[in-house]
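# Report on the structure
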Amino acid sequence: MAIAQGARTAPQGVLSITAPVIFGRVHVLPVVTELLRAWPQLNIRLFLTDRVVHLVEEGVDLAIRIAPPQDSALKMQKIGEVQKIFVASPAYLKKHGEPQVFEDLATHSLIEVNEYAAGYSEWRQGGKSGFSIKVSPRLFVNSVDAALTAATEDLGIVTALSYQTHQFVENGQLRRILTDTPASVLPVFILFPAKERQSVNVRTFVSAMKDRFMAKRSLKAHLT
């Protein structure tokens, strides 16, 4: 870490953070901005990437990840949840009709985020005990941004995480559908190396992230 563990009581030095691209832009950057304004001696390196960053090997202090991590060498703190939802453009829904139940998706034009594109795919909702159907998406892309942009062009229905679709829904470009179908929920964690005691920088960031979402009651409620 960039600062001596426990040697200082105020955040200072360098704190390095990694987070998924869209989540980081929407939810981590505002916290980073607040911390930099509050603590003049603190510097932050923010890496926004959708790949899994190895904290120790790459010299990163903490990571934000969605869904339970597989690395047992990391400590974790849950800060909230996000939902997996379905959206489409108002124009697409006007032309093709709105699916009323989950199974109706099989009759619609679908867009899937999947870098290993195949002819068929399984779409699931509501977790392990929920629903699943076999579908044949019309468009496979390896980028959430590209999939959502394609949906705004009236190409079909896309499934994505609630924070990824938030701005599109707010702007009226996309509309959430199947709201009565039980949603798949994924936890959001902050991770840091287990062998190292948390620095004041890490503790300050974790606290600020929790405060942000507690103020909105929960991450799930804010992003839905």
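Preceding this section is the structure that the text describes.
Residues numbered from 1 in each chain as written. Predicted model: local features only at pLDDT ≥ 70, side-chain atom pairs only at ≥ 80, totals over all residues. Heavy atoms only, no water.

### Some points on unusual backbone geometry
Note the cut-off: Numbering of helices and strands runs from the N terminus; a helix is a DSSP stretch of H or I covering at least four residues, while a strand is a stretch of E covering at least two. The classification of residues rests on relative accessible area computed with a 1.4 Å probe and restricted to protein chains. Under 20% of the type maximum is buried, over 50% is exposed, and intermediate values are partly exposed.
A positive phi angle, close to 70 degrees, is found at Asp-154, a residue other than glycine. Examined against the element boundaries, Asp-154 turns out to sit in the loop between α4 (144-152) and β9 (157-161). According to the relative accessible area criterion, Asp-154 is partly exposed, its value standing at 36%. Non-glycine residue Leu-178 carries a positive phi angle of around 55 degrees. Exposure remark for Leu-178: the relative accessible area of 8% places this residue in the buried category.

### Thoughts on the pattern of salt bridges
Defined as follows: In the sections that follow, a salt bridge refers to a side-chain nitrogen of Lys or Arg positioned within 4 Å of a carboxyl oxygen of Asp or Glu.
The tally for this structure, following the rule as stated, stands at 4 salt bridges. Of the charged contacts in the structure, one is a salt bridge between Arg-51 and Glu-58, with a shortest N-O distance of 2.8 Å. Of the residues examined, Glu-58 reaches a relative accessible area of 35% and is grouped as partly exposed. Between Arg-175 and Glu-98 there is a salt bridge whose closest N-O contact spans 2.4 Å. Placement of Arg-175 in strand β10 (residues 175-177) and of Glu-98 in the loop between α3 (90-96) and β5 (110-113) is noted, with a sequence separation of 77 residues between them. Exposure remark for Glu-98: the relative accessible area of 32% places this residue in the partly exposed category.

### Brief notes about the packing of α4 against helix α5 (residues 162-170)
Inclusion rule: Axes, fitted as lines to C-alpha atoms, cover a helix only where it is in contact. Angles between the N-to-C directions of the axes lie from 0 to 180 degrees. By the definition adopted for this analysis, an angle is roughly parallel if under 35 degrees, roughly antiparallel if over 145, roughly perpendicular if from 65 to 115, and oblique otherwise. Less than a right angle of anticlockwise turn of the near helix away from the far helix marks a crossing as left-handed, whereas a clockwise turn marks it as right-handed. Contact definition: two residues touch when any of their heavy atoms are within 4.5 Å. Throughout this entry, Asp, Glu, Lys and Arg are counted as charged residues, while Ala, Val, Leu, Ile, Met, Phe, Trp, Tyr, Cys and Pro are counted as nonpolar. The remaining residues, Gly among them, count as polar.
Direction vectors running N to C along α4 and α5 enclose 30 degrees, while the axes themselves pass 11 Å from each other. Classed by the angle they form, the pair α4 and α5 counts as roughly parallel. Seen from above, α4 lies across α5 with right-handed handedness. On the side of α4, the interface is formed by Val-144, Leu-148 and Thr-152, while α5 contributes Gln-164, Thr-165 and Phe-168. Residues belonging to the contact of α4 with α5 are distributed by class as follows: 3 nonpolar, 3 polar and no charged.

### A word on the packing of aromatic side chains
Quick note on the threshold: Stacked, edge-to-face and tilted are the three classes for Phe, Tyr and Trp ring pairs, Trp counted by its six-membered ring, which pair at centre distances within 6.5 Å; planes under 30 degrees apart are stacked, over 60 edge-to-face, the rest tilted.
Evaluation of the coordinates by the stated rule reveals 3 aromatic pairs. Residues Phe-23 and Tyr-163 carry aromatic rings whose centres are separated by 5.1 Å and whose planes lie at 85 degrees to one another, so their mutual orientation is edge-to-face. Of the two residues, Phe-23 is situated in helix α1 (residues 21-38) and Tyr-163 in helix α5; the sequence distance between them amounts to 140 residues. Measuring from ring centre to ring centre gives 5.9 Å for Phe-86 and Trp-123, while their planes differ by 25 degrees; the resulting arrangement is stacked. With Phe-86 in strand β4 (residues 74-88) and Trp-123 in strand β6 (residues 121-125), the pair connects residues that are 37 residues apart, well separated along the chain. There is no split in this pair, since Phe-86 and Trp-123 are both buried. Within the aromatic cluster, the residues linked to one another by ring pairs are Phe-86, Phe-102 and Trp-123.

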